[in-house]
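Now for the letters of each chain:
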Amino acid sequence: MKSGTVAVIGKANAGKSTLINVLVGEKVAIVSPKPQTTRDRILGVLTREESQIVFVDTPGIYKSRNVLTDRMMKTTETTSKDVDVILFVHDGHAGLSDEDTALMKKYLALGIPMLIAYTKIDIMPKESIPLDMVKISEAGIDADVYPVSARKGKNIKALEAGITELLPEGEPLFSDNVVSDRSEKFMIAELMREKILLKYEEEIPHGVAIVVNIFKRRENGTYEINLDIVCEKPNHKAILIGKQGKALKETASFARKDMEKFLGAKVFLTTYVRVREDWRDSQALLKELGYGEE
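Computed from a predicted model, the values in this text were never measured in an experiment.

Trainee: Describe the packing of helix α6 (residues 184–199) against helix α8 (residues 246–263), naming the residues involved and giving the relevant values.
Mentor: Two elements in contact, α6 and α8, have axes whose closest approach is 9 Å; the angle formed by their N-to-C orientations is 140°. By the angle between their axes, α6 is oblique relative to α8. Remark: the crossing between α6 and α8 carries right-handed chirality. Of the residues in α8, those in contact with Glu-184, Met-187, Ile-188, Leu-191, Met-192, Glu-194, Lys-195, Ile-196, Leu-198 and Lys-199 of α6 are Ala-247, Glu-250, Thr-251, Ala-252, Phe-254, Ala-255, Asp-258, Met-259, Phe-262 and Leu-263.

Take a look at the structure:
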């Protein structure tokens, strides 16, 4: 059978995590319209009768601003060199710049088989698509390009077939029932962070980390979850909590519903907001909060 790993690379907010979730058929990565949504390398596993594709979702490409984002970019660069196939995801709706084609050429130069997923075609002028295809070709990028819409499911099967064709022959890397390498506890923290990204504006969501203190399944099948929302400044804490705790209650309720859907059981969720100043620039705090180097 065909089996191998696929690094999903692209600029921040290109639609990488959404595309992986659609390809795998289950939510294995959180999604928001903000950059820095994906902080860790996350595997999504798609197993078919004749193939197994292990997608590696990586942090979006952008300029590093602190120790945390330095590590995120290092994760992306390391991952791209240690896979069987590179899937470069480009946001078609955002247009195609010289910087975009330069990035494509950079990863193509690694000598690893590469495809391009040209995303968000459902929200862009159709006449722009062939023009961008010509630009990519004229830039000397020798890679198959798949215009897709993850939200509408357009050309997803064709993209999967193209990826499968490039994979080497080999045994499955995971058993049939595995869809991700991440634990339920990790996903619970990510779901909470996703809701914060969606609820709050500006810089606050990027300065938030989630620490799960208690993740326990009770005898009656329900889950007890206790977590800390760690932020960088006292005024960020006030915003996260909101007047009379309203903002935090709404966000926690939003998150709890998705947690219950993910776990398939009722969840009793307790949340606290704590301040750890400038944690994104502290090696010690990054390690303490679960962002230690692999």
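Text resumes after the structure shown.
Trainee: So what about the side chain of Glu-232? Which residues, and what values?
Mentor: Topologically, Glu-232 is positioned in the loop between β8 (223–231) and α7 (234–241). Reaching out from Glu-232, the side chain makes a polar contact with the side chain of Arg-280 at a distance of 2.8 Å. Those residues in contact with Glu-232 that lie beyond four places of it in its chain are Gly-207, Val-275, Arg-276, Glu-277, Asp-278, Trp-279 and Arg-280.

Trainee: With reference to specific residues and values, describe the nonpolar core.
Mentor: Burial of nonpolar side chains together is a common tendency in soluble globular proteins. Ile-229, Leu-240 and Met-259 are the most contacted members of the largest nonpolar core, which has 24 residues in total. Elements that contribute at least two residues to this core include exactly α6, β7 (209–217), β8, α8 and β9 (267–275). Those residues in contact with Met-259, other than ones at most four positions away along the chain, are Ile-188, Leu-191, Met-192, Ile-225, Leu-227, Val-267 and Leu-269. Core analysis: the next-biggest nonpolar cluster, separate from the first, contains 23 residues, Leu-23, Val-85, Ala-150 and Leu-167 among them.

Trainee: Would you mind going over the sheet that holds strand β6 (residues 144–147) in detail, with residue names and values included?
Mentor: The six strands lie next to each other as β2-β3-β1-β4-β5-β6, forming an open sheet whose pairing is mixed. Looking at which strands have only one partner, the edges of the open sheet turn out to be β2 (42–47) and β6. Along the sheet, successive strands turn relative to each other by an average axial angle of 25°, direction set aside. In terms of strand pairing, strand β4 (residues 85–91) meets strand β5 (residues 114–119) through six bridges, oriented parallel. Pairing of Val-89 across the sheet is with Ala-117, part of β5.

Trainee: An account of helix α4 (residues 128–138) is needed here, citing residue identities and associated values.
Mentor: Buried within α4 are the following residues: Ile-129, Asp-132 and Ile-136. Relative to the axis of α4, the buried residues are bounded by an arc of 65° and lie together on one face. Turned more than 90 degrees from where α4 packs its buried face, Leu-131, Ser-137 and Glu-138 sit exposed. Residues of α4 that are buried in the fold lie against α3 (98–108), β5 and β6.

What counts, and at which threshold
Residues numbered from 1 in each chain as written. Predicted model: local features only at pLDDT ≥ 70, side-chain atom pairs only at ≥ 80, totals over all residues. Heavy atoms only, no water. Axes fitted to C-alpha atoms, helices over the stretch in contact; angles between N-to-C directions. Helix = DSSP H or I, 4+ residues; strand = E, 2+ residues; numbered from the N terminus. Parallel < 35°, antiparallel > 145°, perpendicular 65-115°, else oblique. Left-handed = near helix turned anticlockwise from the far one by under 90°. Contact = heavy atoms within 4.5 Å. Polar contact = N/O pair within 3.5 Å; in protein donor to acceptor, adjacent residues only side chain to side chain. Core = buried A, V, L, I, M, F, W, Y, C linked by side-chain atoms within 4.5 Å. Buried < 20%, exposed > 50% of the residue type's maximum accessible area, 1.4 Å probe, protein only. Pairing = 2+ DSSP bridges. Arc of directions from axis to C-beta.

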